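If you want the building blocks of each chain, they are given just below.
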Amino acid sequence: MGVRWLLRRLSFNTNSYYFYINNKQNKAKKFLKKKVILDKISSIYHSNNGTPGYRQMTDELHKENVFLSPNTVYFYMKELNLKSITRRKYHYERGEAHKVFANLLGQNFTASKPNEKWCTDFTYLHLENGEKHYNCSILDLYDRSIVVSICSDKIDAKLAILTLKKALSQENYPKGVIFHSDQGSQYTSKAFTEFCANNSIVQSMSKAGYPYDNAPMERFYNTLKVEFYYLYKFRTSKILYLCIDDFIYTRYNHSRPHSFNNGLSPKQKRFNFIKSA
């Protein structure tokens, strides 16, 4: 005794019945598909310490071959009550100037190739006991990669020179790099300016007290602190330095999607440049 025969005996419209069954099955499939995506979003969110917003989450999902619009991801995250950790503001501090250079960037934070324009800055770090440490990093404006990052217990011209020296060595001593910084005494000192002149580095500086002139570095340090540093407490400088390096050279440079790179990580964008050259 078939279903069709039974439906006719009951004077039930067969088309309505099968429409109901198919609709119910489709709803079940959509529900399961959405559940898989929601689970993936939750997994990505928590594995990255709650830092991805909906735009970064969209890029992370693309890497998992899940292609959704940013608006859809926004509503899915809202449904899961997941929000990116709010960024903390960076407080600009200026040292005494020895020699100041013109702002050659003029807030044009783009570059046509790697090692054309670099930005740099310092930021403060603290151990659990309140002991103060510092980080000096150099960022390449082409792909927003961190060329070099060094931590120290002193914030002076020696740290700035050491960081730049390591970057030059690592990148095979490129000539004519525009090197943009603030007007901190480390970058205006005689030792640092002479080092730049001797290595064909063209210095450029932000207007005093105007952090927007070095916005990419501001954003990088916000990312470093919000997505990593603020989430943990560090008992020793050794652990702090190792963890900072691991986040920058592993997560930030190689796997973290960057909006400036259209969702690619810095190293992915650089690889594409090398491949097309």
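Here goes a summary of the coordinates provided. What you see is a predicted model; the values in this text were computed from it and never measured. (Residues numbered from 1 in each chain as written. Predicted model: local features only at pLDDT ≥ 70, side-chain atom pairs only at ≥ 80, totals over all residues. Heavy atoms only, no water.)

## Describing the packing of aromatic side chains
Move 1: Scanning the model with the defined rule gives 16 aromatic pairs in all.
Move 2: Measuring from ring centre to ring centre gives 5.3 Å for Phe 122 and Tyr 187, while their planes differ by 35°; the resulting arrangement is tilted. With Phe 122 in strand β1 (residues 117-126) and Tyr 187 in helix α6 (residues 185-188), this residue pair connects regions lying 65 residues apart in the sequence. Here the two residues Phe 122 and Tyr 187 agree in accessibility, since each one is buried.
Move 3: Relative to Tyr 252, the ring of Phe 220 lies with its centre 5.1 Å away and its plane at 70°, an arrangement referred to as edge-to-face. Taken together, the residues span a long stretch of sequence, with Phe 220 in helix α8 (residues 215-227) and Tyr 252 in helix α9 (residues 237-255) at a distance of 32 residues. For the residue pair Phe 220 and Tyr 252, the accessibility class agrees, reading buried in each case.
Move 4: Three or more aromatic residues link up through ring pairs in this structure, and these residues are Phe 228, Tyr 229, Tyr 230, Tyr 232, Phe 234 and Phe 247. (Phe/Tyr/Trp six-rings, centres within 6.5 Å; stacked < 30°, edge-to-face > 60°. Helix = DSSP H or I, 4+ residues; strand = E, 2+ residues; numbered from the N terminus. Buried < 20%, exposed > 50% of the residue type's maximum accessible area, 1.4 Å probe, protein only.)

## With respect to the packing of helix α3 (residues 54-63) against helix α4 (residues 70-79)
Move 1: Contact pair α3 / α4: the axes reach a minimum separation of 9 Å and the direction vectors enclose 110°. The angle between α3 and α4 places the two elements in the roughly perpendicular class. Counting all contacts with α3, which are made through Tyr 54, Met 57, Thr 58 and Leu 61, the residues of α4 involved are Pro 70, Val 73, Tyr 74 and Met 77.
Move 2: Broken down by class, the residue content of the contact of α3 with α4 amounts to seven nonpolar, one polar and no charged. (Axes fitted to C-alpha atoms, helices over the stretch in contact; angles between N-to-C directions. Parallel < 35°, antiparallel > 145°, perpendicular 65-115°, else oblique. Contact = heavy atoms within 4.5 Å. Nonpolar A, V, L, I, M, F, W, Y, C, P; charged D, E, K, R; others polar.)

## What to know about the sheet that holds strand β4 (residues 178-181)
Move 1: Read across the sheet, five strands follow the order β3-β2-β1-β4-β5 without closing on themselves; strand pairing throughout is mixed. Of all strands in the sheet, those bounded by a partner on one side alone are β3 (146-152) and β5 (202-205). Between one strand axis and the next, the sheet turns through 25° on average, direction left out of account.
Move 2: Sheet topology places β1 next to β4; three bridges connect them, and they run parallel. (Pairing = 2+ DSSP bridges.)

## So, the nonpolar core
Move 1: If you look at the biggest cluster of nonpolar residues, it comprises 24 residues, and the most contacted ones within it are Phe 220, Leu 224 and Ile 244.
Move 2: Dropping the residues within four chain positions of it, Ile 244 is found in contact with Leu 125, Asn 135, Ser 149, Cys 151, Leu 224 and Phe 228.
Move 3: Counting residues in hydrophobic clusters, the runner-up holds 21 residues, among them Cys 136, Phe 179, Tyr 187 and Cys 196. (Core = buried A, V, L, I, M, F, W, Y, C linked by side-chain atoms within 4.5 Å.)

## Looking at the layout of surface pockets
Move 1: Here the largest pocket is characterised by a volume of approximately 490 Å³.
Move 2: Forming the walls of the largest pocket are 22 residues, and the residues nearest its centre are Gly 53, Tyr 54, Arg 55, Gln 56 and Ser 84.
Move 3: Only α3, α4 and α8 provide two or more residues apiece to the lining of the largest pocket.
Move 4: Here the lining of the largest pocket takes four residues from α3, the largest share from any one element.
Move 5: For the lining of the largest pocket, the residue count by class is seven nonpolar, seven polar and eight charged. (1 Å grid on protein atoms, 1.4 Å probe; cavity = no way out; pocket = protein on both sides within 12 Å on 5 of 7 lines; lining within 4 Å. Points joined across faces, edges and corners; volume = space filled by probe spheres on them.)

## A closer look at the pairing of strand β2 (residues 132-140)
One face of the sheet, then the other: side chains in a regular strand alternate in exactly this way.
Move 1: In terms of burial, β2 is a largely internal element, eight of the nine residues being buried.
Move 2: Sheet topology places β1 next to β2; nine bridges connect them, and they run antiparallel. Across the sheet, Tyr 124 pairs through a bridge with Tyr 134, a residue of β2.
Move 3: The turn linking β1 back onto β2 is made up of five residues, and Gly 130 within it adopts a positive phi angle of 95°.
Move 4: Following β2, the chain reverses through five residues before pairing antiparallel with β3; Arg 144 in that reversal takes a positive phi of roughly 65°.

## Examining the pattern of salt bridges
Working definition: two side chains of opposite charge can pair if their charged atoms are close together.
Move 1: Evaluation of the coordinates by the stated rule reveals eight salt bridges.
Move 2: Residue Glu 171 pairs with Arg 270 through a salt bridge whose shortest N-O separation is 3.6 Å. Here Glu 171, found in the loop between α5 (157-170) and β4, pairs with Arg 270, found in helix α10 (residues 266-276); they are 99 residues apart in sequence, far enough to count as distant.
Move 3: Between Arg 256 and Glu 227 there is a salt bridge, with the nearest N and O atoms lying 2.8 Å from each other. Highlighted residues: Arg 256 in the loop between α9 and α10 and Glu 227 in helix α8, separated in sequence by 29 residues. Each member of the pair, Arg 256 together with Glu 227, is buried. (Salt bridge = Lys/Arg side-chain N within 4 Å of Asp/Glu carboxyl O.)

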